[in-house]
Amino acid sequence: MFPRPIQQRSQVAQVGYQVLLPIALILWLLPLIGVAITSVKPASDLASGNYFGMPSSLAFSNYADVFTGSPIGQYIWNSFKVTIPTVIGTLVLSCLTGFALGIYKFKGNILVFFMFVAGNFVPFQILMVPVRDMTVNLGLYNTTTGLALFHIAFQTGFCTLFMRNFIRALPRELIEAARVEGVSEIRIFWYVVLPLMRPAIAALSVLIFTFIWNDYFWATVLTTSAETQPVTAGLYALNGQWIAQWQLVSAGAIVAALPPVAMFFLMQKHFIAGLTLGAVK
Amino acid sequence: MSTVSTNAQTRSWWRENQQKLTPYIFLIPGIIFFMVYVIIPIFESFWLSGFDWDGLGDKEWVGFANYQELFDDEAFYTSLKNNIIWLVLYMLAVPAGLGIAIFLNQKVAGIRAYKSLFFFPFVISQVVVGLIFAWFYAPNFGLFYKIIEWATGSGIAILAEPDMVTYGIIAAGLWPQIAYCMILYLTGLNNVDPEQIEAARLDGAKGLKLLWYVILPQLRPATFLAVVVTVIGALRSFDLVSIMTDGGPFGSSRVLSFYMYEQALSEYGYRMGYGASIAVILFLIMMVFISGFIWKMIDDERKGS
């Protein structure tokens, strides 16, 4: 193990480490802690210059104000309307492509695979004008459907990479055995491979959920109104309205961050497994 | 009677060829989506960069005029310079992530919770990170402003200083990026070969020497991934610039991705062709890195199979 386990060091070092841990964590999360405290401060505290001290009283009403005084509820609903179809669509497409590229040897396999990988790295701006134009022509501009369709297509690149590598690592004997039994290829996919892909599906659903929830660029390019904008783009608009009302900005920011944070803490193991795929040989 | 026999025929034909045909059938939906929304638009952008177009009216072919204009555009050079600063400074996330990973790679009570909380900044959206840091830097009352004021006597409003604003935004961007690199290295450290470490320790290696000669070579896959995501993150920086400064003050914090958006969709009128030419430049810069990454991945693929 590297570094040497702290238990093998002196008593002083062990105590020192235990003390250092929370201090380091507080320093690391200092900006976030500041915003969390601000979000429950009454407006009067900020007006009287109490920016850092403890709030004079806990004003959870800031959160109520955010929901009643702004369309944030609608924004969050829009985010779900974009995120959930994207997760489902991407998983369907990438289970298929991953199976095709991971199981079969055919001409062009590696070429198609690297098309997905390379496409996944391109800067968004090179796609922006044509994708926006196409979405307008399809009549899907400023709709959550238009946004979700683009996300499904783009995320298929990353998910194909993930699924294909996952399927390649499965024991091939299972598939060979099924073929010998005369099971059709489609049944092999459905009854043999798909059940084994559950961990990959779980990892990708949390990852894609977080990526899409947090997307800001495409939200601003493809949606424009409060009826359709996801919460990231909405927060930008609200920030413009709430100038200097930091208690509202903070509360809004925390509300917007909650769903992916909850997702992360509930499915931490899958999340990290997905993110660190390829970090070890 | 005849339909039955054709049915049986197709069925046996399918049975014979299904291993050849299945991959294509499975690939079709994914490839269509990816082609329409990703691959074809790349080429379209190249083509559009030769036009003068407001996004609605007729396109006017102008050849390389957009690029010529670009090379005389002060704002383009500012954006390019900022992109280079982003790339260089963003790389700090890799060693910083490694440092935190080493610090946290212990087995003590509650360490799992510490690891997740350190990773936390990566989970929240860049919009929220941008707002958090805008508050952190806010003139007169921001925590950062206060700390500088306490240390030097006068505070600095980082986001209002043309010379410093980019560094302020990069610092905000580093926060989640370090968390990402940290989690990659934590996973890597979990998988280093304990026997090699013990052997090296018996030979008297320790500290930095052990890290450099024994640990880092084993962490190479994690380092590769950390560098890839950091380079891409640096070149994709858009959200933070948009949220924290909107490119300002006086356009001094623009990066190429932001400047492109501004030109193509700004309130001053849509210049799609000009925007596309900026996107092409950004794409070409990215291609230098992407080809390097892909080349290495193909190489690994060959060795692997």
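Residues numbered from 1 in each chain as written. Chains lettered and ligands numbered in written order. Predicted model: local features only at pLDDT ≥ 70, side-chain atom pairs only at ≥ 80, totals over all residues.

Some words on the overall build of chain B
Logical step 1: Helix and strand content of chain B: 14 helices and two strands.
Logical step 2: Scaling as 2.2 N^0.38, a compact globule of 305 residues should have a C-alpha radius of gyration of about 19 Å, whereas chain B reaches 26 Å, well beyond that.
Logical step 3: By principal-axis analysis of the C-alpha atoms, chain B measures approximately 95 × 70 × 30 Å.
Logical step 4: Counting over 305 residues, chain B shows a buried share of 43%.
Logical step 5: The long-range fraction of contacts in chain B, counting pairs at least 24 apart against all pairs at least 6 apart in sequence, stands at 67%. (Helix = DSSP H or I, 4+ residues; strand = E, 2+ residues; numbered from the N terminus. Rg over C-alpha atoms; globule rule 2.2 N^0.38 Å. Buried ≥ 20, exposed ≤ 12 C-beta atoms within 10 Å, placed from the backbone. Contact = placed C-beta atoms within 7 Å.)

Overview of helix 1 (residues 11–28) of chain A
Logical step 1: Between its terminal C-alpha atoms helix 1 of chain A stretches 26 Å, which fits the 26 Å expected from 18 residues at 1.5 Å a residue.
Logical step 2: For helix 1 of chain A, the tally of buried residues reaches only zero of 18 residues, placing the bulk of the element at the surface. (Expected span 1.5 Å × (residues − 1).)

Describing the environment of L186 of chain B
All names here are of chain B.
Logical step 1: As for its placement among the helices and strands, L186 is situated in helix 8 (residues 165–190).
Logical step 2: Given 23 C-beta atoms within a 10 Å radius, L186 is considered buried.
Logical step 3: Taking the C-alpha atoms as reference, L186 lies 9.9 Å from L219; in sequence the two are 33 residues apart.
Logical step 4: With near-sequence residues (within four places) excluded, L186 lies in contact with A101, L104, N105 and K115.

So, helix 7 (residues 125–137) of chain A
Residue and element names in this part refer to chain A.
Logical step 1: The end-to-end C-alpha separation of helix 7 is 19 Å, in line with the 18 Å expected for 13 residues at 1.5 Å each.
Logical step 2: Counting buried positions along helix 7 yields ten of 13 residues, so the element is predominantly enclosed.
Logical step 3: Turning to helix 7, its buried residues are Q125, I126, L127, M128, V129, P130, V131, R132, M134 and T135.

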